[in-house]
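The chain contents come next:
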Amino acid sequence: MVKRALSILGSTGSIGTTTLALVDRFRDRFDVVSIAGGRNIDLLAEQVRSFEPAVVAAGDEAGAEKLRALVPDFGGEIVCGVEGLDRVATADGADLLISALVGALGLRPTLCAIDAGKDVALANKEVLVVAGELVRKSAQKAGVNVFPLDSEHNAIFQAMHGQNRSEVKRIILTASGGPFLHTPRAELETVTLAQALKHPTWKMGDKITIDSSTLMNKGLEVIEAFWFFDMPTDRIDVVVHPQSIVHSMVEYIDGSVIAQLGIPDMSVPISYILGYPERLPLSHLPSLDLVAAGTLEFHAPDTDRFPCLRLAYEALGVCGTAPAVLNGANEVVVASFLDGEIAYLDIPRILEDVLADHPRVDAPDLAQLIEADRWSRERARSGVAARV
Ligand code: MG
């Protein structure tokens, strides 16, 4: 068996730690060549001791200093900052990059890895949202694969395995609906941060948990699906499924619908890509008990109460720099909500204004995307300031 050699961007986050737990379970199948963590230097030091990568990146110089002190016997390279991320993404000997940073920060190192001929397993959906066309062209040019780690896209990827892609009629993304699925619009005005952070089924980082509650996460996933599966917008549907057991579905031209089901545990989609095209035996996980799960519900998403989903479809319809603008502005407003600066419903209000103001550029190159991202953040910050 040939060992797969991994690089991990975001090793201390939710996807990164789940990936490393799988590596630990299958040490004979995987090597860890390079890892990048953020601010949790204690955990990063633990990972260095356990997996002995050749290159490790901390978020900044202070973090790198602290890491050096924590692992004095480490013989590899300790780097930091955005250059550090590029070093980790392109490390010699690695063949698969786990791209699991949060937000647009992951774009540059992910493109570097593709250009360096690495396959990419993408959890960082903002990379495709901001620069889907560029990522697709770069991957084609380099002859590498970009695999989906996001549970919905991973489910679709599984449901398309061995099928003829030209026979796909539509894809159906499922959404948990988040903690406010049944909350009336008037009450959404006053929901608190603690309420928004209580995701009913999945354990994730703060940013994506807020995005799940506004349905922006699903909106970004619609854009992600557009690029992953080359599917026109009107053939990507969203259905709310609070139990998070059906992870997504593909309908074929004969009316057959193939779904992927499972317990909500990110180990499953991650292991599918790590082992691909083989499946890894995850015998430590419980079987899906459909009888215990009881009724599986499906509802149409309510875009009046959750306008972020509509905004994402609109941005995708306009395309060009619009999805990058939506994403950049969303990162700013979600951070402001997490800091307690704005109310919950200010999130879609500010985003709506930013999108309406945005001077669109068609078929943007990387420099234009970076400029659109910068513009959107600045514009969103003034939207926040106007409400503080
Ligand atoms: Mg998802």
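A brief look at the structure comes next.

Definitions and limits used
- Residues numbered from 1 in each chain as written.
- Predicted model: local features only at pLDDT ≥ 70, side-chain atom pairs only at ≥ 80, totals over all residues.
- Heavy atoms only, no water.
- Helix = DSSP H or I, 4+ residues; strand = E, 2+ residues; numbered from the N terminus.
- Buried < 20%, exposed > 50% of the residue type's maximum accessible area, 1.4 Å probe, protein only.
- Contact = heavy atoms within 4.5 Å.
- Donors = N, O, S within 2.8 Å, 3.2 Å for Na, K, Ca; no water.
- Phe/Tyr/Trp six-rings, centres within 6.5 Å; stacked < 30°, edge-to-face > 60°.
- Axes fitted to C-alpha atoms, helices over the stretch in contact; angles between N-to-C directions.
- Parallel < 35°, antiparallel > 145°, perpendicular 65-115°, else oblique.
- Left-handed = near helix turned anticlockwise from the far one by under 90°.

Okay, the environment of Leu-282 next. Inspection of the secondary structure assignment puts Leu-282 in the loop between α12 (267-275) and α13 (290-293). Look at Leu-282 and you get buried, because its relative accessible area is 14%. The spacing of Leu-282 and Ala-36 is 246 residues in sequence and 26 Å in space, taken between C-alpha atoms. In contact with Leu-282, not counting residues within four places along its chain, are Leu-22, Phe-26, Ser-267, Val-268 and Ser-271.

Attention now moves to the coordination of the magnesium ion. Protein coordination at the magnesium ion: the donors are Asp-150 (OD), Glu-152 (OE) and Glu-221 (OE), at 2.1 to 2.2 Å from the metal. Donor residues for the magnesium ion sit on one chain with the sequence pattern D-x1-E-x68-E. Note that Asp-150 is positioned in the loop between β7 (146-148) and α7 (151-159) and Glu-221 in helix α11 (residues 216-229), a separation of 71 residues in sequence. This pair shows no difference in class: Asp-150 is buried, exactly as Glu-221 is.

Attention now moves to helix α10 (residues 206-214). Residues that lie three or four places apart on an α-helix share one face, since the helix turns once every 3.6 residues. Within α10, 7 of the 9 residues are buried, which leaves the element mostly enclosed by the surrounding structure. Residues of α10 that are buried include every one of Lys-207, Thr-209, Ile-210, Asp-211, Ser-212, Ser-213 and Thr-214, and no others. Buried positions along α10 lie against α6 (126-142), α9 (193-196), α11, α14 (307-318), α15 (322-338) and α16 (346-357). Downstream of α10 by one or two residues, Leu-215 has phi in the positive range, about 70°.

The next subject is the packing of aromatic side chains. The relation between two aromatic rings is expressed through the spacing of the ring centres and the mutual angle of the planes. Tallied over the entire structure, the rule returns 9 aromatic pairs. Ring geometry for Phe-157 against Tyr-276: centres 5.3 Å apart, planes inclined by 45°, an arrangement best described as tilted. Note that Phe-157 is positioned in helix α7 and Tyr-276 in the loop between α12 and α13, a separation of 119 residues in sequence. Summarising the aromatic geometry, the rings of Phe-228 and Phe-229 are spaced 5.8 Å apart at their centres and angled 35° between planes, so their arrangement reads as tilted. Under the relative-accessibility criterion, Phe-229 is labelled buried at 5%. Members of the aromatic cluster, connected to one another through ring pairs, are Phe-147, Phe-157, Tyr-272 and Tyr-276.

Attention now moves to the packing of α11 against α14. It is the contact of α11 with α14, at a shortest axis distance of 7 Å, that shows an interaxial angle of 25°. By the angle class used here, α11 and α14 are roughly parallel. Relative to α14, the crossing made by α11 is right-handed. Along its contact with α11, which presents Met-216, Lys-218, Gly-219, Leu-220, Val-222, Ile-223 and Phe-226, the element α14 presents Cys-308, Leu-309, Ala-312, Tyr-313 and Leu-316.

Attention now goes to unusual backbone geometry. Cis geometry marks the peptide bond from Tyr-276 to Pro-277; its omega dihedral reads 5°. Among the secondary structure elements, Pro-277 is positioned in the loop between α12 and α13. Unusually for a residue other than glycine, Glu-52 sits at a positive phi of about 45°. Positionally, Glu-52 belongs in the loop between α2 (41-51) and β3 (55-58). In this structure Glu-52 comes out as exposed when scored by relative accessible area, which is 64%. Even without being a glycine, Cys-319 presents a positive backbone phi close to 55°. Position of Cys-319 among the secondary structure elements: in the loop between α14 and α15.

Treat this as a map of the structure, not an account of what it does.
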